[in-house]
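# Report on the structure
The lines below spell out each chain.
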Amino acid sequence: MAGEGDSEPEKSFKLLGFLDVKNVPCARESVLYGSLGSLVLGLGHFLATSRVRRSCDFAVGGFIFTMLGYWFYCRYNFAQHRIRQRMLREGMKNKILFEGSSLDPERKQTGNERSNS
């Protein structure tokens, strides 16, 4: 069958020769939102003014601003997500490490243990 046994590695799509859209987080979405913003802004400006050249300029500007705006928004959220994952991973590691010991914050200390320590 067509999908079974194929050992070809997946080819990546590079935009402008350097931006690997498949492997770089947020790149695909940024390009898609940028092209949508370009279409909306260029077409909207053309319908409002009927000036073709100026509408194309607005479309290119809309693409750049929409793509960069979404790129920074997405990368910021991606970085926050990675920080939260790292904190959660360290917390889980500490929970496993301290579970059942005297340093366990969930373990209730009795009067005897408090006077001994």
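As the structure is a prediction and not an experimental result, all values here were calculated from the model. (Residues numbered from 1 in each chain as written. Predicted model: local features only at pLDDT ≥ 70, side-chain atom pairs only at ≥ 80, totals over all residues. Heavy atoms only, no water.)

### What to know about the overall build of the chain
Inclusion rule: Secondary structure counts use DSSP, requiring at least four H or I residues in a row for a helix and at least two E residues in a row for a strand, with both numbered from the N terminus. To sort residues, take the accessible area from a 1.4 Å probe on protein chains only and compare it with the maximum for the residue type: under 20% means buried, over 50% means exposed, and anything in between is partly exposed. In what follows, a contact means two residues having at least one pair of non-hydrogen atoms within 4.5 Å. Each accessible area value is a Shrake-Rupley result obtained with a 1.4 Å probe; residue values ignore everything except the protein chains displayed when judging cover.
On a plain count of helices and strands, the chain comes out with three helices and two strands. Among the 117 residues that make up the chain, the fraction classed as buried is 14%. Excluding contacts between residues fewer than 6 apart, the proportion of contacts in the chain whose partners are at least 24 apart in sequence is 42%. A total accessible area of about 10,100 Å² is found for the chain, and carbon and sulfur atoms account for 61% of it.

### Topic: the packing of aromatic side chains
Quick reminder of the rule: Under the pairing criterion, centres of Phe, Tyr and Trp rings, with the six-membered ring standing for Trp, must be within 6.5 Å; the plane angle then separates stacked pairs below 30 degrees from edge-to-face pairs above 60, leaving the rest tilted.
On inspection of all chains with the given rule, the structure shows two aromatic pairs. Plain terms: the ring middles of Tyr33 and Tyr70 are 4.6 Å apart, the flat faces sit at 55 degrees to each other, and that makes the pair tilted. A residue pair is termed long-range when its members are at least 10 positions apart, and Tyr33 in helix 1 (residues 27–49) and Tyr70 in helix 2 (residues 52–98) qualify at 37 residues. Ring geometry for Tyr70 versus Tyr73: centroids 5.9 Å apart, planes at 45 degrees, classification tilted. Of this pair, Tyr70 and Tyr73 are both found in helix 2, three residues apart, which corresponds to roughly one turn of the helix. On the basis of relative accessibility, which here comes to 23%, the residue Tyr70 falls in the partly exposed class. What links up through ring pairs into an aromatic cluster is the set Tyr33, Tyr70 and Tyr73.

### So, helix 2
What counts, and what does not: Expected span of a helix: the number of residues minus one, times 1.5 Å.
With 47 residues, helix 2 extends 68 Å between its outermost C-alpha atoms, agreeing within 8% with the 69 Å of an ideal straight helix rising 1.5 Å per residue. All of the buried residues along helix 2 are Ser55, Ala59, Gly62 and Cys74. As for helix 2, its buried residues are in contact with helix 1. Remark: Gly100 follows helix 2 within two positions and exhibits a positive phi of approximately 85 degrees.

### Examining helix 1
With 23 residues, helix 1 ought to run about 33 Å at 1.5 Å a step, and its terminal C-alpha atoms sit 32 Å apart, in line with that. After helix 1 finishes, the residue Ser50 shows a positive phi value of roughly 60 degrees.

### Some thoughts on the side chain of Ser55
Here is the rule: Residues adjacent in sequence count toward polar contacts only when both atoms are side-chain atoms; beyond that, a polar contact is any pair of N or O atoms within 3.5 Å, and within protein one must be able to donate a hydrogen and the other to accept it.
On the secondary structure map, Ser55 appears in helix 2. At a separation of 2.6 Å, a polar atom in the side chain of Ser55 contacts the main-chain carbonyl oxygen of Arg51. Sequence-distant contacts of Ser55, defined by excluding residues within four places in its chain, comprise Gly42, His45, Phe46 and Thr49.

### Some thoughts on the side chain of Ser30
Looking at where Ser30 falls in the secondary structure, it is placed in helix 1. Apart from the residues within four sequence positions on either side, Ser30 is in contact with Met67, Tyr70 and Trp71.

### Focus: the packing of helix 1 against helix 2
Rules: Lines fitted to the C-alpha atoms define the axes, with helices restricted to the stretch that makes contact. Angles between their N-to-C directions range from 0 to 180 degrees. Orientation is classified from the angle alone, with under 35 degrees giving roughly parallel, over 145 giving roughly antiparallel, 65 to 115 giving roughly perpendicular, and any other angle giving oblique. Put simply, a crossing is left-handed when the front helix is turned counterclockwise from the back one by less than a right angle, and right-handed when it is turned clockwise. Ten residue types, Ala, Val, Leu, Ile, Met, Phe, Trp, Tyr, Cys and Pro, are classed as nonpolar, four, Asp, Glu, Lys and Arg, as charged, and the remainder, Gly among them, as polar.
Where helix 1 contacts helix 2, the axes come no closer than 7 Å and their chain directions differ by 150 degrees. The angle between the axes of helix 1 and helix 2 places the two elements in the roughly antiparallel class. Considering how the two elements wind past one another, helix 1 and helix 2 form a crossing that is right-handed. The residue makeup of the contact of helix 1 with helix 2, split by class, is 12 nonpolar, 11 polar and two charged.

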